[in-house]
Amino acid sequence: MESIRWVEPILKKHKVKLAVENHKDWTAPELAAAMKSISSEHVGVTLDFGNSIALTELPMDVITTLVPYLVSTHVKDMAVEEYADGFLLSEVPLGKGVVDLDKAFALCMKQNSKANFSLEMITRDPLKIPNRTEAYKAVVPTKQIDIGALKKKQTENPPYVSQLSDEQKLAVEEENILKCIDYSKKNLK
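Every value quoted in this text rests on a predicted model; they were computed, and no experiment measured them. (Residues numbered from 1 in each chain as written. Predicted model: local features only at pLDDT ≥ 70, side-chain atom pairs only at ≥ 80, totals over all residues. Heavy atoms only, no water.)

**Structural notes on the overall build of the chain**
Worth spelling out the cut-off: Working definition: helices are DSSP H or I runs of at least four residues, strands are E runs of at least two. Numbering for both runs from the N terminus. Each radius of gyration is computed over the set of C-alpha atoms, and the globule rule expresses the reference value as 2.2 Å times the number of residues to the power 0.38. Exposure categories follow from relative accessible area, calculated using a 1.4 Å probe and restricted to protein chains: below 20% of the type maximum is buried, above 50% is exposed, and the middle band is partly exposed. Contact definition: two residues touch when any of their heavy atoms are within 4.5 Å. The Shrake-Rupley method, run with a 1.4 Å probe, gives the accessible areas here. Residue values count only the displayed protein chains as cover. This count recognises Lys and Arg as positive and Asp and Glu as negative, with His and chain-terminal groups excluded. Taken as the charge location is NZ of Lys, CZ of Arg, CG of Asp or CD of Glu.
Within the chain one finds seven helices and seven strands. Traced from its N-terminal end to its C-terminal end, the chain shows the element sequence α-β-α-β-α-β-β-β-α-β-β-α-α-α. On C-alpha atoms alone, the chain measures out to a radius of gyration of 17 Å, which is about the 16 Å that the 2.2 N^0.38 rule sets for 189 residues. Taken along the three principal axes of its C-alpha coordinates, the chain extends 50 × 45 × 30 Å. Evaluated residue by residue, the chain yields a buried proportion of 43% over its 189 residues. If you take every contact in the chain between residues at least 6 apart in sequence, the share linking residues at least 24 apart comes to 78%. Accessible area for the chain stands at about 10300 Å²; split by element, carbon and sulfur atoms hold 54% of it. Across the chain, the centroid of the 25 positively charged side chains sits 7 Å from that of the 27 negatively charged ones.

**Here we look at the side chain of Ser 90**
Just so we agree on the cut-off: Pairing of N or O atoms within 3.5 Å defines a polar contact, subject to two protein rules: one partner must be a possible hydrogen donor and the other a possible acceptor, and residues neighboring in sequence count only if both atoms are side-chain atoms.
Here Ser 90 shows up in strand β5 (residues 86–92). Looking at Ser 90, its side chain comes within polar contact range of the main-chain oxygen of Arg 124, at 3.4 Å. Every residue in contact with Ser 90, bar those within four places of it in the chain, is listed here: Asp 77, Met 78, Ala 79, Arg 124, Asp 125, Pro 126, Pro 158 and Pro 159.

Given below as structure tokens:
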């Protein structure tokens, strides 16, 4: 946080904005508190719709907490699945996962209609979030997350692509991006 405080006068001088992403390192309340303490129109948040699920935070809680500091977004939808040590987490095409995209977009547009909306669609095997382990609990200020309730909206499970050839992975990636673009055109203003 100190480095952001140090750079803020430079940002102000050059009329540039810095957007700090919620990227699995700070919880949404921690990042919001940091933004509030800096209190600068030149420092805000790149609001990633899915990253904070890895910290056992619900997407709409994160979006609601961080939207007051919105500069830009990483639009994505996420799928979850339980496993022995916690849950699996992966990007899926927009509209197929757990993120309420209609509400997320409405909140973002209301807060900052000039925010930059960027699609982040990564096609990979799911990340293992071992939130039931003592090692995870020792590092991440965690709470229990009800995966069953979270995935009620989800229509696609986390994908597995590591067994595919590079060409096949590329084809799946392109198909996913095209699905996201199609969803955006039809459903998101």
